[in-house]
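Commentary on secondary and tertiary structure
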Amino acid sequence: MKTDNPLSGTTRRLVVQHLTPVRFSLLALIALVVGACTPTGYSPPVGVPTQAVVERTSGEPAIVIAPTSGSAGVYVQVTGENWPVGSLVLIALRDERGRSGILAASTADTAGTISTGFLYPISPRWLDAGTHTVLAYTSDGKHEATALFQTGDDVEVTETDDSAATADTTTAQEAVTATPTLTVTPTSTPTSTPTATPTNTPVPTPTPLIITDWRGDYWNNPNQSGPPLLTRNDLVIFFNWGEGTAASNLGVDHFSARWQRTLNFEAGIYRFNVEVDDGFRLYIDNVLVLDEWEEGAARTYTVDVPLSTGFHTIQVDYFERTGVALMRFWWERNDSFSGWKGEYFGNRGLQGNPVLVRDEPQIDFNWGEGRPAANLPADHFSARWQRRVSFEPGTYRFFLRIDDGARVYLDSQLILDAWEDGADRTVNVDVTLPGGERALQVEFFESSGVARISFWWQLAPTPTPTPTPTEALEPTPTETPELALTETPTPTETPEPPPAETPTPTETPNGDSPPPAELPEDPTATPTPDQ
């Protein structure tokens with residue numbers, strides 16, 4: 001039931017006209033107080049949950065979330081109390097692997113309260129059925145508080161109307177920033193000579209735009225040409241306008257937008273995700289890290305970027321041509337890789353911090369004369385890939401196809417070295433491994449011209465033994481005894497007989513001399529019997 005204000009405008013004027021100046025001042029003060037109070041018929045904007053009252057006996061920071069269950073895309077309102085005045089409070093999710101990316105932020109007011117919200121992320125990591133922790137913590141890490149959010153198949157998912165959420169946010173913001181001021185125009189005080197006092201009509205002051213989350217600039221053209229038609233505070237970049245419009249004064253097609261924000265990050269590798277229809281560009285610290293400024297149906301892109309501790313500026317540009325309009329952007333900390341952890345450097349010597357980190361299923365790239373990413377040069381860059389792989393015992397042949405140079409490490413030992421300029425070529429090496437998990441590291445550099453690298457391995461082929469011919473079986477011949485060979489005697493020198501003394505010839509009567517005696521046969525001419 002609505003209760004009328006006991007001091008209505010008419011009543012106040014009658015009282016003021018008949019009371020003394022002192023009483024007038026007192027009543028004017030009362031009217032100011034009463035007029036500034038919220039009527040009993042007031043209700044909060046639609047879609048903004050009413051904060052539950054939590055009684056706390058201590059002064060520790062605390063947060064309350066609403067709703068406490070849901071799924072991807074649900075808008076979660078976060079309110080808190082007992083935070084240090086002026087502290088920046090960051091909102092994230094936390095599990096056993098660590099924290100997600102920063103989902104929202106709020107600065108504690110003079111009463112130590114905070115109020116912000118976020119759209120629950122669509123990452124599978126945070127959608128497993130069960131309880132997830134919403135974490136609020138100060139940027140200096142000295143204070144934190146948590147609340148629990150339930151997800152699961154049996155949880156009722158509330159659809160979020162992005163345009164309504166934006167309108168509600170604007171309404172809530174105006175309710176906070178527009179302080180009502182009651183102007184009392186007193187009637188001239190009766191004097192001996194009543195003279196009417198002119199009343200000065202105050203000029204209304206436009207309510208300044210307060211950006212607490214993302215600054216969203218919107219153009220009624222796809223090229224972000226000219227000054228933006230609309231600038232507003234967007235809680236998150238998580239919009240699915242379908243075939244509708246982003247705002248009442250924008251067309252349903254051929255519009256563009258830009259969101260900017262500076263946030264405090266802890267050192268680590270962060271995975272930035274974009275779901276888009278049509279095109280977008282992502283800048284981090286004024287460096288272009290993703291460039292898909294082209295028409296296309298709904299698709300998703302990811303990029304891992306290493307960030308140092310401190311504040312970093314994020315800018316997202318978007319355009320819509322025709323048909324469905326979709327733009328969703330979120331991130332989370334990435335401490336694990338399902339494939340190769342690829343680190344890219346803007347020099348050919350792997351020097352300094354990588355400008356880009358990616359989770360890559362395989363090392364098989366042919367960039368030609370192009371570049372691996374928007375924030376890398378086409379020449380004079382380098383990359384490093386790391387991964388742990390389980391091997392069965394055996395001899396493996398590792399291959400590199402490269403242009404220009406590369407090298408491979410196995411358990412920190414250099415096994416293949418082609419770290420030099422060169423045209424397209426393939427090199428390999430055989431390594432015998434026992435079974436178990438091994439650490440592989442591949443390093444690459446590009447000098448100029450064509451850039452490519454492919455790395456793979458396989459079991460080395462086993463040498464095929466040369467077959468020994470099998471002798472044909474033959475019947476065993478009956479052994480024929482061999483005749484023993486007669487040993488050939490060593491020839492001995494046959495002594496010549498000493499010359500016989502020539503006798504004094506005597507006359508032989510009527511006869512010839514007798515024939516000489518025959519010499520014996522040569523002993524070496526002993527015949528060898530036939531086999």
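Residues numbered from 1 in each chain as written. Predicted model: local features only at pLDDT ≥ 70, side-chain atom pairs only at ≥ 80, totals over all residues. Heavy atoms only, no water.

**Re the overall build of the protein**
- When helices and strands are tallied, the protein shows 3 helices and 28 strands.
- Here the protein holds 531 residues, and the buried ones make up 36% of them.
- Of the contacts formed within the protein by residues at least 6 apart in sequence, a portion of 68% connects residues at least 24 apart.
- Looking at the protein as shown, the accessible area adds up to about 32,100 Å², and 53% of this sits on carbon and sulfur atoms. (Helix = DSSP H or I, 4+ residues; strand = E, 2+ residues; numbered from the N terminus. Buried < 20%, exposed > 50% of the residue type's maximum accessible area, 1.4 Å probe, protein only. Contact = heavy atoms within 4.5 Å. Areas by Shrake-Rupley, 256 points an atom, 1.4 Å probe, with all protein chains shown as cover.)

**A short note on the sheet that holds strand S2 (residues 75-81)**
- Read from one edge of the open sheet, 3 strands run S1-S2-S6, paired in antiparallel fashion. Pairing within the sheet leaves two strands with one partner each, and these edge strands are strand S1 (62-66) and strand S6 (114-119). Averaged over all pairs of adjacent strands, the angle between their axes in this sheet comes to 20°, without regard to strand direction.
- Summarising the sheet, S1 and S2 pair through 5 bridges and their orientation is antiparallel. From the neighbouring strand, Ala62 faces S2, where its bridge partner is Glu81. (Pairing = 2+ DSSP bridges. Axes fitted to C-alpha atoms, helices over the stretch in contact; angles between N-to-C directions.)

**Quick look at the sheet that holds strand S15 (residues 287-292)**
- Spatially, S10-S9-S12-S17-S14-S15 is the arrangement adopted by the 6 strands of the open sheet, whose pairing is antiparallel. The sheet is open, and its two edges are formed by strand S10 (230-234) and S15, each paired on a single side. Averaged over all pairs of adjacent strands, the angle between their axes in this sheet comes to 15°, without regard to strand direction.
- Where strand S14 (residues 279-284) meets strand S17 (residues 310-320), 6 bridges bridge the pair, whose relative direction is antiparallel. Paired with Gly279 across the two strands is Phe319, which belongs to S17.

**Considering the environment of Ala145**
- Checked against the element boundaries, Ala145 lands in strand S8 (residues 144-151).
- The buried category is assigned to Ala145, whose relative accessible area is 8%.
- It is 6.3 Å that separates the C-alpha atoms of Ala145 and Ile63, two residues lying 82 residues apart in sequence.
- Excluding residues that lie within four positions of it along the chain, Ala145 makes contacts with Pro61, Ala62, Ile63, Trp83, Val134, Leu135 and Ala136.

**As for the packing of aromatic side chains**
- One pass over the full model with this rule turns up 34 aromatic pairs.
- Where Tyr218 meets Trp259, the ring centres are 5.9 Å apart and the plane angle is 90°; that geometry is what we call edge-to-face. Of this pair, Tyr218 sits in strand S9 (residues 214-219) while Trp259 sits in strand S12 (residues 255-265); the two residues are 41 residues apart in sequence, bridging distant segments of the chain.
- Cluster of aromatic residues (ring-pair linked, three or more members): Trp214, Phe265, Tyr270, Phe272, Phe329 and Trp331. (Phe/Tyr/Trp six-rings, centres within 6.5 Å; stacked < 30°, edge-to-face > 60°.)

**Re the pairing of strand S27 (residues 436-446)**
- As defined by bridge partners, strand S22 (residues 381-391) adjoins S27 across 11 bridges and the pair is classed as antiparallel. Residue pairing in the sheet places Arg388 in a bridge with Ala439 of S27.

**Section: the nonpolar core**
- In this structure, Trp259, Phe272, Leu282, Met327, Phe329, Trp385 and Ile453 are the most contacted members of the largest nonpolar core, which totals 70 residues.
- The contact partners of Phe272, leaving out residues within four places of it in the chain, are Leu282, Ile284, Tyr301, Thr302, Val303, Val305, Leu307, Ile314, Phe329, Trp330 and Trp331.
- Core analysis: the next-biggest nonpolar cluster, separate from the first, contains 20 residues, Leu93, Leu103, Phe118 and Val134 among them. (Core = buried A, V, L, I, M, F, W, Y, C linked by side-chain atoms within 4.5 Å.)

**A look at the pairing of S12**
- Burial analysis of S12 places 8 of its 11 residues in the buried class, which makes it a mostly covered element.
- Bridge count for S9 against S12 is 5 bridges, and the pairing is antiparallel. For Trp219, the partnering residue across the bridge sits in S12 and is Ser256.
- As defined by bridge partners, S12 adjoins S17 across 11 bridges and the pair is classed as antiparallel. The partner of Phe255 across the bridge, within S17, is Glu320.

**Brief notes about the side chain of Glu443**
- By secondary structure assignment, the location of Glu443 is in strand S27.
- Overall, Glu443 belongs to the buried group, its relative accessible area being 5%.
- Of the polar contacts made by the side chain of Glu443, one reaches the side chain of Arg384; its length is 3.5 Å.
- Here Gln441 takes part through its side chain, which lies 2.7 Å from a polar atom of the side chain of Glu443. (Polar contact = N/O pair within 3.5 Å; in protein donor to acceptor, adjacent residues only side chain to side chain.)

**Some points on the pattern of salt bridges**
- In this structure the tally under the stated criterion is 23 salt bridges.
- With a shortest N-O distance of 2.9 Å, Arg388 and Glu437 are connected by a salt bridge. Highlighted residues: Arg388 in strand S22 and Glu437 in strand S27, separated in sequence by 49 residues.
- On the basis of relative accessibility, which here comes to 45%, the residue Glu437 falls in the partly exposed class. (Salt bridge = Lys/Arg side-chain N within 4 Å of Asp/Glu carboxyl O.)

**Regarding the side chain of Ser106**
- Tracing the chain through its elements places Ser106 in strand S5 (residues 104-107).
- Once you skip the residues sitting within four places of it in the chain, Ser106 turns out to touch Ser87, Leu88, Val89, Ile114, Ser115 and Thr116.

**Overview of the confidence of the model for the protein**
- Overall, the prediction assigns the protein a mean pLDDT of 76, with 66% of residues at 70 or greater.
- Here residues 1-57 is modelled with pLDDT under 50, and outside its nearest four sequence neighbours on either side it reaches 34 contacts, counting other chains as well.
- Note that residues 500-531 has pLDDT below 50 and, in this model, 5 contacts with residues that lie over four places away or in other chains. (pLDDT = per-residue confidence, 0-100.)

**Notes on unusual backbone geometry**
- Each neighbour pair has its own omega, and for Asp277 with Asp278 the value is 25°, a cis peptide bond.
- Across the junction of Asp403 and Asp404, the peptide omega takes the value 20°, indicating a cis bond.
- Structurally, Asp404 is set in the loop between strand S23 (394-403) and strand S24 (405-410).
- The backbone phi angle of Asn82 is positive, close to 65°, even though this residue is not glycine.
- Structurally, Asn82 is set in the loop between S2 and strand S3 (88-95).
- On the basis of relative accessible area, Asn82 is assigned to the partly exposed category, the value being 31%.

**Points about the environment of Ala460**
- Tracing the sequence through the fold places Ala460 in the segment after strand S28 (451-459).
- According to the relative accessible area criterion, Ala460 is buried, its value standing at 15%.
- Taking C-alpha positions, Ala460 is 8.8 Å from Phe398, a pair spaced 62 residues apart along the chain.
- Filtering out sequence-adjacent residues up to four positions away, Ala460 remains in contact with Thr395, Tyr396, Arg397 and Asp430.

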